[in-house]
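Listed below are the residues making up each chain.
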Amino acid sequence: MTGQPQASPPAGSHQKPSVDPATLQHADLLEGEFWRRIPAWSEISDIQFRDHHWQAKNSITKVPQLLAALQGLVSEEFIADVAEGFRRAPMTIRVSPYVLSLIDWNAPLKDPLRTQFIPLGSRLRPDHPKLGLDSLHERADMPVPGLTHRYPDKALFLALDTCPVYCRFCTRSYAVGLDTDEVQKFHLRATPDRWRQVFDYIGSRPSSRTSWSRVATRTSCAPTRSRSSAKPCSPCRTSAGSGTRPRVPRSCRRSS
Ligand code: SF4
């Protein structure tokens, strides 16, 4: 921490101390055409890169695509480590050009965004005996697939089972994304039938109706990169579906 000592709020106050701007470097976003250092996007213009349609269309969704994009940026040893990481991971890959461009490929082992989105086989640890994919036990509180109703007047609705990016630490890896070699997912596709079950259930709870506006749909983490540092976001809080128990993976999901 740097900067001036902060003035303390008056005793008994709920005010927070003022913040030293020097501690907010993580909010100071990268500028310039930083994506051009990735060979695959070296010719992409500023307008193209900032177009969310282009980002979605060019997101990497297959491991060979990723390995091809990394060629020339990292060593062959690192690429083999990534391939092994995905082979044993509970999440498939989905990473946008924006996120991939923010990673410091000169130091990928310690880059926090790389850690969040790209597993390494060498960093995997043996499973803890208590390992469970649904660590928040969301499915135990699902009256219908995709709606977690844990509190009387609040619920979480997982409208989809996909995200713009897939995080390694996802607490909903039992449902989010495609099947992997290790995990058979409980899929929660956005179908009219499933959504109808959710809406019917909400409609069947008139005593909670005044607060059903608190039903939260899925959102996703939004990683950003500052000039001087990067911090991955906390996992978003979403819900996922009930149903068959996914196969418990053999290898640990914790990597760094
Ligand atoms: S964005 Fe949220 S739900 Fe999606 S993979 Fe990441 S942590 Fe999981």
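Our structure is the block above this text.
Reading the values: rules and limits
Residues numbered from 1 in each chain as written. Predicted model: local features only at pLDDT ≥ 70, side-chain atom pairs only at ≥ 80, totals over all residues. Helix = DSSP H or I, 4+ residues; strand = E, 2+ residues; numbered from the N terminus. Buried ≥ 20, exposed ≤ 12 C-beta atoms within 10 Å, placed from the backbone. Core = buried A, V, L, I, M, F, W, Y, C linked by C-beta atoms within 7 Å. Contact = placed C-beta atoms within 7 Å. Expected span 1.5 Å × (residues − 1). Arc of directions from axis to C-beta.

1. Observations concerning unusual backbone geometry
Even without a glycine there, the phi angle at H137 is positive, about 55°. Topologically, H137 is positioned in the loop between α6 (112-117) and β1 (147-151). A count of 10 C-beta atoms within 10 Å places H137 in the exposed class.

2. A short note on the nonpolar core
Membership of the largest hydrophobic core comes to 33 residues, with the highest contact counts inside it found for V95, V99, F117, V165 and Y166. At the level of secondary structure, the elements contributing two or more residues to this core comprise α4 (76-88), α5 (97-102), α6 and β2 (154-157). Top contributing element to this core by residue count: α5, with four residues. Those residues in contact with F117, other than ones at most four positions away along the chain, are V95, V99, V165, C167 and R168.

3. Points about α4
The end-to-end C-alpha distance of α4, which contains 13 residues, comes to 19 Å, matching closely the 18 Å that a straight helix rising 1.5 Å per residue would cover. Listing the buried residues of α4 in full gives V82, G85 and F86. Along the axis of α4, the buried positions cluster into a sector of 95°, meaning they face one direction only. For α4, the exposed residues lying more than 90 degrees away from the buried face are E76 and E77. Buried positions along α4 lie against α3 (63-70).

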